[in-house]
Amino acid sequence: MVETKKSAAPKAPKGHVVINTERCKGCGFCAQFCPTGVLAMSKGFNLKGYHPPIIADAAKCSGCGLCGMYCPDFAIYGVKNGRKPESGDL
Amino acid sequence: MSESYEATVTDPVSAPMTCDSNPVEEWLRMDRMPHIWCPGCGIGTSVNCFTRAIEESSLDRKNIAIVSGIGCTGRVAGYLLLDSFHTTHGRALPFATGLKLASPKTKVVVYSGDGDLFAIGGNHFIHAARRNLDMTVLCVNNFNYGMTGGQVAPTTPEFAIASTTPYGSVERPFNLPYLAQSCGAVYVARWTVYHVKQLQRSIREALEKPGFTFIEMVAPCPTLFVRRNRLGDGLAALESYEENAVIKNGADTRECDLGMGGPIVCGKFVDIDRPSYLSNQVAHLRKVLGDRYVMPDAWQGVVQ
Amino acid sequence: MNADPRGVLTGSHFLDGDHAAAEGALAAGANFSAGYPITPSTEVVERLAGRFPFTGGTFIQMEDELAASIAIQGAVWGGSKALTVTSGPGFSLMMEHLGYGIMTETPFVLVDVQRGGPSTGLPTMPAQADMMQARWGSHGDYEIIALAPSSPQECFNLMIRAFNLSEKYRTPVLLMMDECVGHMLERVVIPSPEKIQIEPRRYTRKGPDEQYWPYSLEECNNGDLVPPLTKVGEGHFPHITGLTHDDRGYPAMNAKSQAVLLGRLVDKIRNNADDIITIEEDGTDDADVIVVSYGITARVCQPAISRARAEGHKVGFLRLVTVWPFPEKRIRELAGRVSAFVVPEMNLGQIVREVERCSQGRPKVRGVTHAGGAVHDPEEIYNAIREVMG
Ligand SMILES: Cc1ncc(C[n+]2csc(CCOP(=O)(O)OP(=O)(O)O)c2C)c(N)n1
Ligand code: SF4
Ligand code: SF4
Ligand code: SF4
Ligand SMILES: [Mg+2]
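Given the structure is predicted, the values throughout are model-derived calculations rather than measurements.

Draft legend 1. Spatial organisation of the overall build of chain C. Along its length, chain C carries 14 helices and 16 strands. Computed over its C-alpha atoms, the radius of gyration of chain C comes to 21 Å, within 12% of the 21 Å expected for a compact globule of 390 residues. Its C-alpha atoms give chain C principal-axis dimensions of about 70 × 45 × 40 Å. For chain C, restricting intrachain contacts to residue pairs at least 6 apart in sequence, the fraction spanning at least 24 positions comes to 79%. When the 36 positive and 49 negative side-chain charges of chain C are each reduced to one mean point, those points stand 4 Å apart.

Draft legend 2. Spatial organisation of the overall build of chain B. When helices and strands are counted, chain B shows ten helices and nine strands. Expected size for 304 residues packed as a compact globule is a radius of gyration near 19 Å; at 20 Å, chain B falls within 12% of this value. Summarising its shape, the C-alpha atoms of chain B cover approximately 65 × 55 × 35 Å along the three principal directions. Just so you have it, chain B exposes about 11,100 Å², and 52% of that area is on carbon and sulfur atoms. Counting 28 positive and 30 negative side-chain charges, chain B places the centres of these two groups 8 Å from one another.

Draft legend 3. Molecular detail of the domain arrangement of chain C. All names here are of chain C. Segmentation of chain C into domains returns domain 1 (5-195) and domain 2 (281-389). Summarising the inter-unit geometry, the C-alpha centres of domain 1 and domain 2 are found 27 Å apart. Each partner contributes to the interface: domain 1 provides 28 residues, whereas domain 2 provides 22 residues. Interface area for domain 1 against domain 2, summed over the two sides, is near 1,900 Å², with a carbon-plus-sulfur share of 58%. Residues Arg299 and Glu186 are paired through a salt bridge, measuring 2.5 Å at the closest nitrogen-oxygen approach. Seen at the junction of domain 1 and domain 2, the total is 17 residue pairs in polar contact (both at pLDDT 80 or more). For the side of domain 1 that touches domain 2, the elements supplying multiple residues, two or more each, are β6 (122-126), α6 (131-136), β7 (145-147), α7 (152-169) and α8 (179-183). Among the elements that take part in the side of domain 1 that touches domain 2, α6 stands out by supplying four residues, more than any other. For the side of domain 1 that touches domain 2, a count of residues per class yields 19 nonpolar, three polar and six charged.

Draft legend 4. Focus on the coordination of the magnesium ion (ligand 5). Every protein donor of the magnesium ion (ligand 5) is listed here as Asp114(B) (OD), Asn142(B) (OD1) and Asn144(B) (O), and their distances to the metal cover 2.0 to 2.2 Å. Coordination of the magnesium ion (ligand 5) draws on donor residues from a single chain, spaced D-x27-N-x1-N in sequence.

Draft legend 5. Structural detail: the domain arrangement of chain B. Residue and element names in this part refer to chain B. Structurally, chain B comprises domain 1 (26-273) and domain 2 (276-304). A separation of 32 Å is found between the C-alpha centroids of domain 1 and domain 2. Contacts between the two partners involve ten residues from domain 1 and, on the opposite side, seven residues from domain 2. Of the roughly 690 Å² buried between domain 1 and domain 2 on both sides combined, carbon and sulfur atoms contribute 73%. Among the residues domain 1 hides against domain 2, the three largest losses belong to Leu101, Pro104 and Arg131. Together they make up 55% of the total. The tally of links between domain 1 and domain 2 comes to zero salt bridges.

Draft legend 6. Representation of the site of ligand 3 in the model. In the vicinity of ligand 3 there are 13 residues, among which Cys34(A), Cys61(A), Cys64(A), Gly65(A) and Cys67(A) approach most closely. Classifying every residue of the shell around ligand 3 by side-chain character gives eight nonpolar, five polar and no charged.

Draft legend 7. Structural view of the sheet that holds strand β15 (residues 340-344) of chain C. All names here are of chain C. Reading across from one edge, β11-β13-β12-β15-β16 is the order of the five strands in this open sheet, with mixed pairing throughout. The open sheet has two free edges, formed respectively by β11 (279-282) and β16 (364-368), since each of these has just one partner strand. For this sheet, the mean angle separating the axes of adjacent strands, direction not counted, is 20°. Contacting β11, β12 (289-293), β13 (315-320) and β15, helix α11 (residues 295-310) runs over the sheet at an angle of about 170° to β13.

Draft legend 8. How the structure looks around the interface of chain B and chain C. Counting residues at the interface gives 45 residues for chain B, matched by 43 residues for chain C. Between chain B and chain C, the buried area comes to about 3,500 Å², and carbon and sulfur atoms account for 61% of it. Where chain B packs against chain C, one counts three salt bridges. Close ionic contact of Arg6(C) with Asp297(B) constitutes a salt bridge, the shortest N to O distance being 3.0 Å. In this structure, the connection of chain B to chain C is made through 18 residue pairs in polar contact (both at pLDDT 80 or more). Of all the elements in the fold, those that place two or more residues in the side of chain B that touches chain C are α2 (76-79), β3 (83-86), α3 (92-102), α5 (122-131) and α10 (277-289) of chain B. With seven residues, α3(B) is the single largest residue contributor to the side of chain B that touches chain C. Grouping the amino acids of the side of chain B that touches chain C by side-chain chemistry returns 18 nonpolar, 15 polar and twelve charged.

Draft legend 9. Looking closely at the environment of Ala3(C). Residue and element names in this part refer to chain C. Position of Ala3 among the secondary structure elements: in the segment before β1 (11-16). Residue classification places Ala3 among the buried residues on the basis of a relative accessible area of 5%. Note: C-alpha distance between Ala3 and Arg357 (354 residues apart in sequence) is 40 Å. Every residue in contact with Ala3, bar those within four places of it in the chain, is listed here: Val8, Ala27, Pro193, Ile196 and Ile198.

Draft legend 10. Layout of the side chain of Thr192(B). Residues and elements named next belong to chain B. Relative to the elements of secondary structure, Thr192 occurs in strand β6 (residues 187-192). Looking at Thr192, its side chain comes within polar contact range of the main-chain nitrogen of Tyr194, at 3.0 Å. A polar atom in the side chain of Thr192 sits 2.8 Å from the side chain of His195. Those residues in contact with Thr192, other than ones at most four positions away along the chain, are Leu199, Val218, Tyr241, Ile264 and Cys266.

Draft legend 11. Highlighting the nonpolar core. One finds Phe212(B), Phe214(B) and Phe341(C) to be the most contacted residues of the largest nonpolar core, which totals 99 residues. Tallying contributions element by element places helix α3 (residues 65-77) of chain C first for this core, with eight residues. For Phe212(B), the residues in contact, after removing those within four places along its chain, are Leu93(B), Phe125(B), Ala128(B), Ala129(B), Asn132(B), Leu133(B), Met135(B), Val137(B), Ala185(B), Val186(B) and Tyr187(B). Ranked by size, the runner-up nonpolar core spans 60 residues in total, among them Leu66(A), Cys72(B), Val109(B) and Leu224(B).

Draft legend 12. Focus on the site of ligand 4. In the neighbourhood of ligand 4, the contacting residues comprise Trp37(B), Cys38(B), Cys41(B), Cys72(B), Asn142(B), Gly146(B), Cys221(B), Pro222(B), Thr223(B) and Leu224(B). Tallied by class, residues from the shell around ligand 4 come to seven nonpolar, three polar and no charged.

Quick notes on the rules
Residues numbered from 1 in each chain as written. Chains lettered and ligands numbered in written order. Predicted model: local features only at pLDDT ≥ 70, side-chain atom pairs only at ≥ 80, totals over all residues. Heavy atoms only, no water. Helix = DSSP H or I, 4+ residues; strand = E, 2+ residues; numbered from the N terminus. Rg over C-alpha atoms; globule rule 2.2 N^0.38 Å. Contact = heavy atoms within 4.5 Å. Lys, Arg positive; Asp, Glu negative; His and termini not counted. Charge placed at Lys NZ, Arg CZ, Asp CG, Glu CD. Areas by Shrake-Rupley, 256 points an atom, 1.4 Å probe, with all protein chains shown as cover. Domains from an automatic or database assignment. Buried area = accessible area lost by both parts, 1.4 Å probe. Salt bridge = Lys/Arg side-chain N within 4 Å of Asp/Glu carboxyl O. Polar contact = N/O pair within 3.5 Å; in protein donor to acceptor, adjacent residues only side chain to side chain. Nonpolar A, V, L, I, M, F, W, Y, C, P; charged D, E, K, R; others polar. Donors = N, O, S within 2.8 Å, 3.2 Å for Na, K, Ca; no water. Near = heavy atom within 4 Å. Pairing = 2+ DSSP bridges. Axes fitted to C-alpha atoms, helices over the stretch in contact; angles between N-to-C directions. Buried < 20%, exposed > 50% of the residue type's maximum accessible area, 1.4 Å probe, protein only. Core = buried A, V, L, I, M, F, W, Y, C linked by side-chain atoms within 4.5 Å.

Okay, here's the thing in structure tokens:
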């Protein structure tokens, strides 16, 4: 259901995002408030019948972690590449 | 976890994946997931801000206790992997008071709803703030009683619809920051769950400050309040918070009333110092009783 | 375990029941109390407020009885031994939290110095009319332990026993005093600490990294239904809720969990009734009529019993020191032998119903009621004895 696009950008993205599709309740917070527009809402359904987010542009992910902070269902998180997330990352 | 979740991951390209789970998970009782909250409910978002704040703070997980009353927000205690107490409706604060007096080394956090803290528990709130016992009160204000089906609360804006005010409430709601300040809270802030970064920072400040600290966390109850008042869904509510928020640190709390569709003044409004209950108690009894005063064992080395 | 000497005011004193109860709590090792003033119980917390700073304890006056009765439970989970004290109207307000204590298995002592009711009733005058409220006052099904002292000395002694039972069975215990006992001055002998036996709190032996479930019987011997406690800061991260819960303490809202939990909560008291129940008997072996009473009324009965005995009647006496659980086994036994029970109590008929229930229609059961405000005239009790003798 979730499309995982290979990064087309020549430069490695700063971060990546992990979506737990089946935990998602489709509120759309993550896609709306991702500052770089990495996420879009899928037209497909998860098993609970919600539309989860999909990764529309992985290359843009900064790993800022905002999507994870917004997600009321603990279904998504972003992380900077190459190191463990710290609280400073949000 | 009772359900098996299938995780999808973006390609980390060259960098190895260094975080194999959501950072909130280490603070959650994962064996209780999924939680009961509705899609787009703001309570979960506030929990993210809270767990990041404690992670960032200097607090030792063993020395944090979370106390909730009853309500959708009251369920927070049951989802956090901390010493956690789900008490009775309205009585989280007096429970927390006893807990703190018995174990001053514990950072006591009261996490509850607007109805729980300000209707049935309102009397306890004003007295807890007055006493200035060290504790942090985090109130999810969703403008109604979520758990019982969206009845009017002491925070419901004038003329808003609730299940027990089907034609609109005519009562004037509490202005929570003003109330908290008047009663003696040493730290008072308001953020919405749209303001995740600011809320996280504010919770951390409140946790690290001695005395009675209070944060109002404005959050959508999409199933009841938002829907009944034709405000869209949870996302629409967050967008309206973004639009209506007026960030004004140090604002006069008398000017922080919330009305339907009006501005939401956010920020840190109060940050003062005042002797806390425990230090005041010990200093006074030492003065009055001298060497005859026997400090409780659990206070030794904690209360100066 | 012997009492901690810090709280024990060894010696012979002239105290009223309220002050004696406070000394009993201190001797039992109580180090936390939260209260809200109400006649005729206030002297207990006044004494505690004065004494705690010298014994390492804390008293806080809360904003109401709802707050007091839950603050003590917070304190227990913080590691304290705690009590609260009240009377009628406050006892009513505390009922929700009595239930919370039973459900969460939080040990504490709740004292009700009974006054005339309902409502504000007779603030300064005695009654024993909260006995059924003690049994059934909180909503839902449960078993409760309640003790009834009939002298200041017994206020001291039974306070210690109340704490011991609360620790042993991990449950709230009620000390059902009355205004008379609370305010009467008598000699109270406080023994030395090594003569006072204290039931230590049973904490889990689990280390901070071990899995601890607050309601698991894993660390219990066979048949022991009382799981060990923990407190905050131990790294056990317990979850405590008033919702129906499983062994982990997690909400488990279904008929099966309800049956399992309530079954254990009730059985841990019922199965140990013999240990919990204390009664005093005098002349019951060959009695024709037995007077059953408790608290101050048990003393008011004495002249009536003596008079009837002096006239050659075989009158026995049974005093309920433990009122709840009710000593039904013993009352049933006696019911098979005697011709009548006479039950004087300062209410319009509460414990008499229990005696009737256990008598199953065999002997006559005659209540001697009193609406409260004053103790019985022993003459009324004497007349009741004569009446049942036919
Ligand atoms: C003594 C008592 N009265 C009423 C209730 C029913 N009740 C449960 S939660 C609640 C209101 C909760 O509202 P709020 O604190 O705003 O929490 P929310 O669900 O909105 O997060 C009520 C009235 C109760 N549990 N106990
Ligand atoms: S914020 Fe969470 S629940 Fe909402 S759409 Fe995104 S992943 Fe799903
Ligand atoms: S981590 Fe930041 S940039 Fe990446 S998807 Fe999440 S919100 Fe967008
Ligand atoms: S009823 Fe409202 S407050 Fe409760 S979980 Fe649903 S959205 Fe949240
Ligand atoms: Mg609410």
